[in-house]
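One letter stands for each residue in the lines below.
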Amino acid sequence: MREALTAYAMLAPSLIVFGVFFFYALYELGRLGFHERNRTGTRERWVGVEQYTDVLGGDAFRDGLFITLQFVVWTVPAGLVLGVLLAVAAHRRLKGIRFFQTVFASTVATSVAVASVIFFVLINPSVGYLREVDFISLESTSSAIRGVALSSIWQNLGLTFIIVLAGLQAVPDEVLEAATLDGYGPIRRFFRVTLPLLSPTLLFLVVVLTVFAFQAFAQIDILTQGGPAGSTETLVFKIFRLALEPRTVGEAAVMGVGLFFVTLVVALGQFLLIERRVHYGDR
Amino acid sequence: MATADTITEVETASKVELGSTPTNERPGRRNRVLRTVGWYALLSVLAFLVLFPVWMTIVRALSASLPYLSAGQPVYPVEPEWDIFSRAWSRGNMGRHLLISAAVTLIIAIAQLVTSVLAAYAFAFLRFPFKRVLFAAFIATLMLPIEVTLVPNIEIIDTLGWKNTIQGLTVPFLATAIGTFLIRQGFLGIPKDLRDAARLDGFGNLQFLWRVAIPVTRPVIASFAVISFLAAWNQYLWPRAITQEEAMSTVQIILRPLAAAAVGEFNIGPAAAIIAALPILILLIVFQRQLVRGLTAGAVKG
C-alpha cells in the first residue's frame, strides 16, 4: 500500500503533464474536428463528421501529404548515403583524423533555425550565393522543395555521421579480418560484411530521418513560408497555418487527426518493410 | 567529434588496419603513401563541402552588404564590418532572446530530469496496481510527434492565458517518456545485491534513489540531460505557435525576421545566426562525450 502510494507520487508529475498535453489534447483534437468557429473565434458550432470527410478527402490534405512525402524522398536517402560516406571516410587510422571527425559531426551544433538561416544565405532567391542553381531554386514550384531539403540534409548530417561512425566502430575486427583472409577486397568487404552488420543502425536512421522529415517546419517557415504557390506546404506547415486562424481551427484539427493516422501507417510500414531485410542481408 | 577516444581504443585493439592490402600482396611504400594522400584528399573535399555553408555565412555576416553584392559575391569578405555582431546583437535584442531561450531550456531540462528520474524509479523498482497500464500510457506518448497535438495544445495554452509566457513555453514539456525509459533502463542495470544491501542498511526508497540509484546511473542521466537540453534549446514550432509577441520570442524564433531584413542589411541575419549558434557549440564541445552517448543510445547495440 505504502509502496503503491510512493509509486503514484513519483509518477504524478509526468502523468499530469501527459494527461493534459497528450491525452486530453488528443480528445480535444478530435472534438475540435467536429466544430467550426466564426472569424473571431468567439463562437463555435457543431458541423459533424462532414468536416472530417471534407478535409481528409480534400485537395489541401492530399497536397500536403504528397509534399511531405516528396520531402521524405529528397531528404532521407541522400542524407543517409552522405552520412555513411562521411563515416566510412573518417573511420580510419590517420593522423589528424579527429579534426575531420569534429568537422563532420559539427552540424549537430546547429538548430534547424540556424541551419535554415545558413542556407538562406546560400539559396535565397534575391541574393543567395547559389540562387542560380536551378535544381535547388526556391523560386520555382518544382525545385523549392529540394532547396529546403538540402538545408535539412546538411543539418542532419552531423547526427547521421555520429551514429553511423558509432555503428562502424561496433563492427568486430575479427569479422573484417576473416573477410580479408578470405580474399575480400575493401569494396567487397564493405558491401558484403560491413554494410549488413550496419543495417540495424541504418534502419534506426531511416526511421529517425523520416520522422524528422515529417516534422519539418522551421526550414520551411524560414526559407519559403510554404511557397512558391504552396509548393512547399507540408502537412505540418498547413496545420500550423490553419491553426492560427480561428475560422480554420477545426480544419487544422482534422488535419492533425490525419497526421495521426499517417504517422501510425508510416511507422507500421517501416517496421514491416525493413524489419525483415535487416541484418541478414544475404538476399 | 567525441568519438575519437573510442576509435583509438578500437584501433589499438585491432591488428589489421582498415583499408590495408590483402595479406598475399606486398604493399609497396609508394602505394601506401599514395593511398594516404588519397584519403586526406577525400577527407578534405568532404570537410570543405560540410563547412562551405558555414564559411559563406561568416563571409556574408562580415561583408558590407551592398559592396559585397556589387563585388559579385566572392568567397571572401568584402569591406569587413567587424561591428556587425554588436549591431546584430542590439538590432535583434539578442541578449533578451538568448536569456529567454536559456530560461526556457533550463526549466525544461531540469524538470524533465526530475520527472523522468522519479517515474523511472517507480517503473524500475516499485510494485503497484495498474503498472502495466500506466507504462503503456507512457509508451503511447512516444508514438505521436507533437505536431499531431499542436492544435489542441495551442487551445489549452490559450485557455490558461499562457500565450507569450514562460509557462506556455515550458509547461507542456516538463515531462518526457524518453527520459523515463532511458533512465529506467539504467536503473534496471543496478545489481540486485546492491539493492538488498541498501535495504539491509535501512535505506528507504528516497534514500536508495538519491544515494545509490542516481550516482550509479550518472552517465545515463548525464547523456539524457544533454540531449534534453539540446532539444529544448532547438525548439521551433511550439514557441513559434504560441508567441505572437516578439518580446517573448526565443532566440530561434527571432532569427527568421532578422534573416528577412532588407537586402542592404543582409548581413544582420547571418550574424544573428552565428550568435545564436555559439553558446550551444561551446556547450557541445564541453559535453561531447555525453552528447554522443545520448545520440547513439538505442542506435547501436553494445
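## Some thoughts on the overall build of chain A
- Within chain A one finds 11 helices and two strands.
- Reading chain A from its N end, one meets helices and strands in the order α-β-β-α-α-α-α-α-α-α-α-α-α.
- Dimensions of chain A, computed from C-alpha atoms along their principal axes, come out at roughly 75 × 70 × 35 Å.
- Per-residue burial over chain A gives 55% buried out of 283 residues.
- Of the accessible surface of chain A, which amounts to about 12700 Å², a share of 64% is contributed by carbon and sulfur atoms.
- Each charge sign in chain A was given a centre, from 22 positive and 21 negative side chains, and these centres are 5 Å apart.

## Things to note about the side chain of B:Thr165
- Secondary-structure assignment places B:Thr165 in the loop between helix H7 (150–159) and helix H8 (166–170).
- A distance of 2.7 Å separates a polar side-chain atom of B:Thr165 from the backbone oxygen of B:Trp162.

## Quick notes on the packing of aromatic side chains
- According to the stated counting rule, one finds 29 aromatic pairs over all chains in the structure shown.
- With a centroid separation of 5.9 Å and an interplanar angle of 45 degrees, the aromatic rings of A:Phe120 and B:Phe266 are classed as tilted. Of this pair, A:Phe120 sits in helix H5 (residues 112–123) while B:Phe266 sits in the loop between helix H14 (251–259) and helix H15 (268–286), each in a different chain.
- With a centroid separation of 5.6 Å and 40 degrees between ring planes, the pair formed by B:Phe48 and B:Phe52 is classed as tilted. In this pair, B:Phe48 and B:Phe52 are both assigned in helix H2 (residues 29–62), four residues apart and thus about one turn of the helix distant.
- Judged by relative accessible area, which is 52%, B:Phe48 ranks as exposed.
- An aromatic cluster of three or more residues is present, and its members are A:Tyr8, A:Phe18, B:Phe123, B:Phe128, B:Phe135, B:Phe138 and B:Phe181.
- Geometry around B:Trp39 places A:Arg92 over its ring, the cationic atom sitting 3.6 Å from the centre.

## Let's talk about the domain arrangement of chain B
Residue and element names in this part refer to chain B.
- We note that the domain assignment places domain 1 (23–82) and domain 2 (92–296) within chain B.
- Distance between the C-alpha centres of domain 1 and domain 2: 36 Å.
- Each side of the interface is counted separately: domain 1 has 10 residues, and domain 2 has eight residues.
- Between domain 1 and domain 2, a total of about 640 Å² is buried, with carbon and sulfur atoms accounting for 69% of that surface.
- If you sort the residues of domain 1 by the area they bury against domain 2, Arg-60, Ala-61 and Ser-65 come out on top, with a joint share of 61%.
- For the pair domain 1 and domain 2, the number of links is zero salt bridges.
- Counting across the domain 1 and domain 2 interface gives four residue pairs in polar contact (both at pLDDT 80 or more).

## Regarding the nonpolar core
- By size, the foremost hydrophobic cluster in this structure holds 176 residues, and its most contacted members are A:Phe104, A:Phe161, B:Phe128, B:Phe187 and B:Leu209.
- Top element by residues in this core is helix H5 (residues 94–125) of chain B. It accounts for 15 residues.
- Taken together, domain 1 (23–82) and domain 2 (92–296) of chain B each give at least three residues to this core, which thus spans both.

## Brief notes about the interface of chain B and chain A
- Counting residues at the interface gives 106 residues for chain B, matched by 96 residues for chain A.
- For the pair chain B and chain A, the summed buried area comes to about 8900 Å², and 75% of that belongs to carbon and sulfur atoms.
- On inspection of chain B and its partner chain A, the count reaches three salt bridges.
- A:Asp221 is paired through a salt bridge with B:Arg240; the nearest N and O atoms lie 2.4 Å apart.
- One can count 12 residue pairs in polar contact (both at pLDDT 80 or more) joining chain B with chain A.
- In the side of chain B that touches chain A, the residues fall into 74 nonpolar, 22 polar and 10 charged.

## Some remarks on a nonpolar patch on the surface
- A cluster of nonpolar side chains, B:Leu278, B:Leu281, B:Ile282, B:Leu283, B:Ile285, B:Val286 and B:Phe287, forms an exposed patch at the surface whose accessible area comes to about 590 Å².
- Note that B:Phe287 resides in the loop between H15 and helix H16 (288–296).

## Comments concerning the pattern of salt bridges
- What the rule picks out here adds up to 16 salt bridges over all chains.
- Across the salt bridge formed by A:Arg241 and A:Glu233, the nearest N and O atoms sit 2.6 Å from each other.
- Overall, A:Glu233 belongs to the buried group, its relative accessible area being 8%.
- Put simply, B:Arg87 and B:Glu81 hold a salt bridge, and the shortest N to O gap is 3.3 Å.
- A cluster of three or more residues bridged by salt bridges with shared partners is formed by A:Glu28, A:Arg31, A:Arg37, A:Glu44 and B:Glu155.

## Side note on the environment of A:Ala87
Residue and element names in this part refer to chain A.
- Looking at where Ala-87 falls in the secondary structure, it is placed in helix H3 (residues 59–90).
- Taking the relative accessible area as the measure of exposure, Ala-87 reaches 0% and is therefore buried.
- Through-space distance from the C-alpha of Ala-87 to that of Ala-12 is 43 Å; in sequence the pair is 75 residues apart.
- Aside from chain neighbours lying at most four places away, what touches Ala-87 is Phe-161, Val-164, Leu-165 and Leu-168.

## Structural notes on the packing of helix H7 (residues 173–181) of chain A against helix H8 (residues 186–215) of chain A
Residues and elements named next belong to chain A.
- It is the contact of H7 with H8, at a shortest axis distance of 10 Å, that shows an interaxial angle of 160 degrees. One way to sum up the angle between H7 and H8 is to call them roughly antiparallel. The element H7 and its partner H8 pack so that their crossing is right-handed. Taken together, the residues of H8 that come into contact with H7 (itself represented by Val-175, Leu-176, Ala-179 and Thr-180) are Arg-189, Val-193, Thr-194 and Leu-197.
- In terms of residue class, the contact of H7 with H8 is built from five nonpolar, two polar and one charged.

## Description of the environment of A:Leu65
Residues and elements named next belong to chain A.
- Here Leu-65 is to be found in helix H3.
- On the basis of relative accessible area, Leu-65 is assigned to the partly exposed category, the value being 21%.
- In this structure the C-alpha to C-alpha distance between Leu-65 and Gln-219, which are 154 residues apart in sequence, comes to 17 Å.

## Description of the side chain of B:Asn164
Residue and element names in this part refer to chain B.
- Within the secondary structure, Asn-164 sits in the loop between H7 and H8.
- Judged by relative accessible area, which is 15%, Asn-164 ranks as buried.
- Looking at Asn-164, its side chain comes within polar contact range of the main-chain nitrogen of Gln-244, at 2.8 Å.
- Beyond its immediate chain neighbours, meaning those up to four positions away, Asn-164 contacts Ile-242, Thr-243, Gln-244, Glu-245 and Met-248.

The rules behind the values
Along each chain, residue indices are assigned from 1 in the same order as the chain's sequence is written. The lettering of chains begins at A and the numbering of ligands begins at 1, in the order of writing. Given that the model is predicted, a residue must reach a pLDDT of at least 70 before its local features are reported, and side-chain atom pairs must reach 80 or more before they are shown or counted; all residues, however, enter totals for whole chains, interfaces and linings. Values reported for side chains reflect all heavy atoms of the structure, with hydrogen atoms and water molecules removed beforehand. A helix here means a DSSP run of H or I that spans at least four residues, while a strand means a run of E at least two residues long, and both kinds are numbered starting from the N terminus. Note on classification: 1.4 Å probe, protein chains only; a residue is buried when its accessible area is under 20% of the maximum for its type, exposed when over 50%, partly exposed between these limits. Here the Shrake-Rupley method, with its probe set to 1.4 Å, supplies the accessible areas, and only the displayed protein chains count as covering residues. Neither His nor the chain termini are counted; the positive set is Lys and Arg, and the negative set is Asp and Glu. A charged residue contributes its charge at one atom only: NZ of Lys, CZ of Arg, CG of Asp or CD of Glu. Here a polar contact means two N or O atoms within 3.5 Å. Within protein one must be a hydrogen donor candidate and the other an acceptor candidate, and residues neighboring in sequence count only if both atoms are side-chain atoms. Here a Phe, Tyr or Trp ring, Trp counted by its six-membered ring, pairs with any other such ring whose centre lies within 6.5 Å, and the pair is stacked when the planes are under 30 degrees apart, edge-to-face when over 60, and tilted otherwise. Here, a charge over a ring means that NZ of Lys or CZ of Arg falls within 6 Å of the ring centre while also lying within 35 degrees of the ring normal. As annotated, the domain borders come from an automatic or database domain assignment. Residues are treated as being in contact if the distance between any of their heavy atoms lies within 4.5 Å. Summed over both partners, the accessible surface that disappears when two parts come together, traced with a 1.4 Å probe, is what is meant by buried area. The term salt bridge refers to a pairing of a side-chain nitrogen on Lys or Arg with a carboxyl oxygen on Asp or Glu at a separation within 4 Å. By nonpolar core is meant a set of buried Ala, Val, Leu, Ile, Met, Phe, Trp, Tyr and Cys residues that side-chain atoms within 4.5 Å join together. Side-chain classes are defined by residue name, with Ala, Val, Leu, Ile, Met, Phe, Trp, Tyr, Cys and Pro counting as nonpolar, Asp, Glu, Lys and Arg as charged, and the others, Gly among them, as polar. Only residues whose relative accessible area exceeds 30% and that take part in no salt bridge are eligible for patches, with like-charged residues grouped when within 9 Å of each other and nonpolar side chains (Val, Leu, Ile, Met, Phe, Trp, Tyr) grouped when within 5 Å. What counts as an axis is a line fitted to C-alpha atoms, over the stretch in contact for a helix, and the angles between N-to-C directions run from 0 to 180 degrees. The labels follow the angle: roughly parallel below 35 degrees, roughly antiparallel above 145, roughly perpendicular from 65 to 115, and oblique for the rest. Whether a crossing is left-handed or right-handed is set by the direction in which the near helix is turned from the far one by less than a right angle, anticlockwise for left-handed and clockwise for right-handed.

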